[in-house]
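# A closer look at the structure
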There are 2 protein chains.
Amino acid sequence: MWLLKSRTCWVTERTKEHKVSCPLKYTCPILGRQFRSRLEEGDLKLRRDSSELRKSMEKMTAFQRFSRVFRDNSSLTKMLIVFTVSGGGLVAYSEAKPDNGMNAITSTEADGKKKRVVVLGTGWAGTSFLKNLKNSSYDVQVISPRNYFAFTPLLPSVTCGTVEPRSIVEPIRNIVRKKKVDVRYWEAECFKIDADNKKVYCRSNFTTNLDGEEEFVVDYDYLVIAVGARANTFNIPGVAENCHFLKEIEDAQRIRRTVIDCFERASLPSLTDEERKKILHFVVVGGGPTGVEFAAELHDYVNEDLVKLYPKAKDSVKITLLEATDHILNMFDKRITAFAEEKFQRDGIDVKTGAMVVKVSDKEISTKEVKNGGNVSSMPYGMAVWSTGIGTRPVIMNFMTQIGQTNRRALASDEWLRVEGCDSVYALGDCATINQRKVVEDICAIFRKADKDNSGTLTVKEFQEVLDDICERYPQVGLYLKNRQMNSLVDLLKDSKGDVVKESVEVDLEEFRLALSQVDSQMKNLPATAQVAAQQGSYLADCFNRMEECEKNPEGPLRFRGEGRHRFRPFRYKHFGQFAPLGGEQTAAQLPGDWVSIGQSSQWLWYSVYASKLVSWRTRALVISDWGRRFIFGRDSSGI
Amino acid sequence: MWLLKSRTCWVTERTKEHKVSCPLKYTCPILGRQFRSRLEEGDLKLRRDSSELRKSMEKMTAFQRFSRVFRDNSSLTKMLIVFTVSGGGLVAYSEAKPDNGMNAITSTEADGKKKRVVVLGTGWAGTSFLKNLKNSSYDVQVISPRNYFAFTPLLPSVTCGTVEPRSIVEPIRNIVRKKKVDVRYWEAECFKIDADNKKVYCRSNFTTNLDGEEEFVVDYDYLVIAVGARANTFNIPGVAENCHFLKEIEDAQRIRRTVIDCFERASLPSLTDEERKKILHFVVVGGGPTGVEFAAELHDYVNEDLVKLYPKAKDSVKITLLEATDHILNMFDKRITAFAEEKFQRDGIDVKTGAMVVKVSDKEISTKEVKNGGNVSSMPYGMAVWSTGIGTRPVIMNFMTQIGQTNRRALASDEWLRVEGCDSVYALGDCATINQRKVVEDICAIFRKADKDNSGTLTVKEFQEVLDDICERYPQVGLYLKNRQMNSLVDLLKDSKGDVVKESVEVDLEEFRLALSQVDSQMKNLPATAQVAAQQGSYLADCFNRMEECEKNPEGPLRFRGEGRHRFRPFRYKHFGQFAPLGGEQTAAQLPGDWVSIGQSSQWLWYSVYASKLVSWRTRALVISDWGRRFIFGRDSSGI
């Protein structure tokens, strides 16, 4: 599992050969140590010659080769089964049970001395915050309609039963149980935030037959909003009624049942061939990572498992992937995009780019060509999955109106994740976006602060003293310099002054403004991914952990507009790369530093990274055993 | 796992000590061999002294002792995990995958030469029939709203997450895939049977957005009805609306979600203590094996898992078991009943016997005392599970009216499982009951047939010639003799004649009628269990397999009312015993021959028997891994 060297897939562009070489650190999910793997030159080179590629794919896997040994020796096999079942159980038992002395949460009434932190949401951001919060001087209350954290990157696997839904969830009470911090959880949905009075209004959504208050109010001192986003229908008619989304566990379960329903329905004796083809037409709208992964999973499910049980269906199944832009996976490197499009073509997945959905009825999807005159055409379908983007939840929409943030997609926060326009409220994850301050806005303040002698000009020495603070406060400066291949801001100033000796550079305000005028073009919003949310959660928890400490000894950059320093360093996102599983044990990985890897080795890397990132040993064991079960028995097709 | 010797629990009645000694054959689910275990004298004697019992229960299990070794040695642990995951996967892969050459079912249009067999239902009876049908001269069509077989004895385990729902189901297409018989499956519900024209009318129940026929008609030559039963509300008001049933996988999933919902709801900050107690009051109606097992499972779930996450709830939880008769588990030996009642009392499960439910509102259950003047009282509840008995499905009700079987609980069939009053229709499982022919009805015919010389009297010689046929045709005769401790029917005749020499017994019709008059009292209906249904399915498949062969050479008993012999031997049920899991790793087992075993060894026996009885290697592996997972990580409490 850890031999990542072999079978790395090289990607060659027409003329130039990119070295797919990536020093990568990751944690092995089982041995718990850090391995340093180097994806080196592999045995498979991806060229235009796709027949060679196909041949390589058909080769036996190492797994299959090993298994033959066991198949030939049945008593060895049986011994091993016994050992496996009993040994595995024993080990895991001994690993997991030492905590029998249950750490009961003393859920006292909110202690007057403790600051009350209310966390809305148990997704990536909220859970990451809770996991990293270690300061016991807070009284934490978590409010979410889901009493568990779900490992959403594996949702597409759940839609086809590669992984069971329960294997990727962990009860939030379990996550916070062993902490020293007081954490209480309420299963309810926040429907109103009152930032003026520091209250949140909640409603429980139980369907049991009981009386008692349905609504309650929680007071807070700090509010952490991490409610995530909802699927975005862009107000296209019929989408909400007829399409499946892929945001929650329940969505994935529903998709799984619908796929089986379609196959069962298409098997009924009363249907014509045409009707059968309609029913077995699966349409995926949105060529992003989720849509692509779902289409690939579905293709594997149909071709590896379902055709065995529904042999007649094979010729009638069709999977269509609709994308409004010119290419699928357009946030990835173009080598990955090209590989994915080519692979899907080989697999028979119909990729329609430049096709914008304009209407969905219960029987047909209407699309409009983005180019070529915008022809509108319709296609009948059996099941449609909508994964095109994210929208704002109603509670956030209301809150934004309340605090004057209108016409926005998400809650705007500053670089310390504090919501703009209110006090002690933080926003993380998909429901928020960081409103990075522009250098241009602060240019006078920066100049004044740097010009210590008030001479009206900045010398290099003066400038160098505030350099680090500028780079820390305005990360776009660093990015700009990196892109222009400059070493420091001084080079930038020098650049704007022409050919002078570096040390003698001296600029006035206008020259300074001119030199930094292009810097803000580097600003971009962070993507709405689990990685961003998790980093924001752990960043904020770290701030909360050191709140008092940093109050006394601020560690942030200079305040250019005010006095003193900022309490904390601003949030800085670190990108660790991104995967795009393409089905058939092929995965594309884009890693920091323009490194790209496609093929089976990336699939194993994907397995390792995802297994190690899972939230608990329980989910880790379950997901790994699910993968094993899929290898051995295939995916289940019971209609439950 | 296979050391059944230790810890067998002895049951002693007040004066007499029953030896709980049971030679029992069972198949080991993993090694696949037959073990002969002898439940011998164990180390634990169940006496009135319950403190001794409790102490023994608290002892460390062997599992825990082993696990300590591993806990002390972490590198051994890690090595073992790696080995376990990889080795186990390899072995199972090599065991399971040899069948890649998929056996496609050629679903040709119903071949004119082949007899069309239509099977309604994929429960125990239907699946057992399909599994055992080997004669390829049939064209089989299966119609059921569930495309899978569910191993229902594990349903109570599913309600609390001890076993996952998907682990106990196997797609019916998978079960019939490797057969040489042509089997086609339609996911639909039969809503009308037309026995005159040999047609069944079906309706698919898909909720997908598709056109196409919702209803279709299937012709048959033989019809096998195995649709099972539905839960019986006895028309008590409010039961259908407010109670959970426990018949289907979906029921178990719903119960699991509701239990968690109750705990989450009871944790909300806005509730009073009284409301909290209401919400955490779980009522189980029906003290049969299912109700008792569910109550025990729920108790374990609450006390082993949920109290860790909901520490405040511990004192508010209450489980009540309502039973209308004087004792729970009244179909079991009274030693088991006594043990179960005592154990539940110790566990704090409130067993209310003699309490008949008369009304269920959304907040309260009203019960009436069967004795003591029939006082009616009400109790508030959070969740109620109804498991009191079975009722007739609408399609069977209609069919019974059609064929003149009114005012019955189930379809009446003869001893060959043929539905009375129509042709080529068979009924198995819970929807049917065998209408055993009474000896008294046929007494003249028997006498005439036996009296070969038409002398008006039967000699012992004449009688002995038809003896085996009588015993085979009328199984109540054998039971009666066994109960009266007689060796043969001749003893019975002799008994009625008084003190004569055996060989000289000679009886006329009246004396013969008198001698056999008590015999029919032994007749009783078979219980509605999985065991009966499965045996009926395999019996009928066996008949179908040898239909032509036995047409030529009948193997059944003499036809007393007609000419010749019956084609087949009549169906005879063989009871292999019954389990009643009581929670806390304690199970009661009642085995044939008045053998009773209670305790942890019976629990292991239960594990072994159930694992071996599971329908496929896949489900077996999954259920065993679920049990292992429960040992290690406990049960999950996510609200999905």
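Residues numbered from 1 in each chain as written. Chains lettered and ligands numbered in written order. Predicted model: local features only at pLDDT ≥ 70, side-chain atom pairs only at ≥ 80, totals over all residues. Heavy atoms only, no water.

Defined as follows: UniProt positions are given in the numbering used here, feature names are shortened, and annotations may be inferred rather than shown by experiment.
Chain A is annotated in an unreviewed UniProt entry as External alternative NAD(P)H-ubiquinone oxidoreductase B1, mitochondrial from Forsythia ovata. One UniProt comment on chain A, placed under Sequence similarities (unreviewed entry), says "Belongs to the NADH dehydrogenase family." One UniProt comment on chain A, placed under Cofactor (unreviewed entry), says "FAD".

## Let's talk about helix α10 (residues 289-309) of chain B
Residues and elements named next belong to chain B. The criterion, for reference: Put simply, DSSP H or I for four residues or longer makes a helix, DSSP E for two residues or longer makes a strand, and each gets a number counted from the N terminus. The span you would expect from a helix comes to 1.5 Å times its residue count less one. For a residue, the bend is simply the angle between two axes, fitted respectively to the seven-residue segment ending there and the seven-residue segment starting there. Buried, partly exposed and exposed residues are distinguished by accessible area as a fraction of the type maximum, computed with a 1.4 Å probe on protein chains only: under 20%, between the cut-offs, and over 50%, respectively.
In this model, α10 (21 residues) spans 29 Å end to end at C-alpha, consistent with the 30 Å of a helix rising 1.5 Å per residue. A maximum bend of about 40° is found in α10 at V302. In terms of burial, α10 is a largely internal element, 16 of the 21 residues being buried.

## Topic: the sheet that holds strand β12 (residues 215-219) of chain B
Residues and elements named next belong to chain B. For clarity, the cut-off: For two strands to be treated as a pair, DSSP must find no fewer than two bridges joining them. Here, axes are lines fitted to C-alpha atoms. For helices the fit covers the stretch in contact, and angles between N-to-C directions go from 0 to 180 degrees.
Reading across the sheet, the 3 strands line up as β10-β11-β12 and stay open at both edges, with antiparallel pairing between neighbours. Looking at which strands have only one partner, the edges of the open sheet turn out to be β10 (189-194) and β12. The average angle at which neighbouring strand axes cross in this sheet is 25°, direction not considered. Note that β10 and strand β11 (residues 199-203) share 5 bridges and pair antiparallel. Paired with E189 across the strands is R203, a residue of β11.

## What about the packing of helix α8 (residues 249-266) of chain B against α10(B)?
Residue and element names in this part refer to chain B. To keep things clear, this is the line we draw: With respect to orientation, any angle under 35 degrees is reported as roughly parallel, any angle over 145 as roughly antiparallel, any angle of 65 to 115 as roughly perpendicular, and every other angle as oblique. When the near helix sits turned anticlockwise from the far one by under a right angle, the crossing is termed left-handed; a clockwise turn instead gives a right-handed crossing. For this analysis, residues touch if any pair of their heavy atoms sits within 4.5 Å. Note on residue categories: nonpolar means Ala, Val, Leu, Ile, Met, Phe, Trp, Tyr, Cys or Pro, charged means Asp, Glu, Lys or Arg, and polar means any other residue, Gly included.
Packing of α8 against α10 brings their axes to within 13 Å, and their N-to-C directions diverge by 45°. It follows from the interaxial angle that α8 and α10 lie oblique. Crossing geometry of α8 relative to α10 is assigned as right-handed. Facing α8, whose interface residues are I255, V259, I260 and F263, α10 presents F294, L298, Y301, V302 and L306. Of the residues contributing to the contact of α8 with α10, the split by class is 9 nonpolar, no polar and no charged.

## Let's talk about helix α13 (residues 439-450) of chain B
Residues and elements named next belong to chain B. Given a rise of 1.5 Å per residue, 12 residues ought to cover 16 Å, yet the end C-alpha atoms of α13 are separated by just 14 Å, more than 12% below that figure. Three or more residues of α13 are buried, namely V439, D442, I443, A445, I446, F447 and A450. At its buried positions, α13 is contacted by β26 (457-459), α14 (460-473), α15 (475-483), β27 (506-508) and α17 (509-515).

## Let's talk about the sheet that holds strand β19 (residues 364-369) of chain A
Strands pair in a sheet through their backbones, by hydrogen bonds, and they do so in one of two ways: parallel or antiparallel. Residues and elements named next belong to chain A. The strand order β18-β19-β20 describes an open sheet built from 3 strands, whose pairing is antiparallel. Two strands close off the open sheet at either side, each with one partner strand: β18 (355-360) and β20 (376-380). Strand-to-strand, the axes of this sheet are offset by a mean angle of 35°, without reference to chain direction. Here β19 runs beside β20; their pairing, made up of 5 bridges, is antiparallel. Note on β20: the bridge partner recorded for E364 is P380.

## Re the environment of A:V227
All names here are of chain A. With respect to the helices and strands, the residue V227 is situated in the loop between β13 (222-225) and β14 (230-231). Sequence separation of V227 and P145 is 82 residues, and the distance between their C-alpha atoms is 9.8 Å. If near-sequence neighbours (up to four positions away) are discounted, V227 is found in contact with L120, R393, I396 and C431.

## Digging into the UniProt feature "domain: EF-hand" (unreviewed entry) in chain A
According to UniProt, the positions carrying the feature "domain: EF-hand" (unreviewed entry) are residues 438-473 of chain A. In this annotation, residues 438-473 of chain A is assigned 72% helix and 8% strand; the end-to-end C-alpha distance for the span is 10 Å.

## Side note on the packing of aromatic side chains
Which entries qualify depends on this criterion: Two rings from Phe, Tyr or Trp (for Trp, the six-membered ring) form a pair when their centres are within 6.5 Å of each other. A pair whose planes differ by under 30 degrees is stacked, one over 60 is edge-to-face, and the rest are tilted. In our convention, an over-ring charge means Lys NZ or Arg CZ found within 6 Å of a ring centre and within 35 degrees of that ring's normal.
Counted under the stated rule, the structure contains 44 aromatic pairs over all chains. Each ring, one from A:W606 and one from A:Y610, has its centre 4.8 Å from the other, and the planes form 35°; the classification is tilted. Placement of both A:W606 and A:Y610 in helix α20 (residues 600-613) is noted, with a separation of 4 residues, approximately one turn of the helix. Overall, the relative accessible area of 13% leaves A:Y610 in the buried class. Relative to B:F512, the ring of B:F463 lies with its centre 5.7 Å away and its plane at 80°, an arrangement referred to as edge-to-face. A residue pair is termed long-range when its members are at least 10 positions apart, and B:F463 in helix α14 and B:F512 in helix α17 qualify at 49 residues. Through a chain of ring-to-ring contacts, three or more aromatic side chains come together here, namely A:W124, A:F149, A:F151, A:F579, A:W604, A:W606, A:Y607, A:Y610 and A:W627. A cation over an aromatic ring shows up here: A:K192 above the ring of A:Y201, its NZ or CZ 4.8 Å from the ring centre. Over the ring of A:Y474 we find A:R473, and its NZ or CZ is 5.3 Å from the ring centre.

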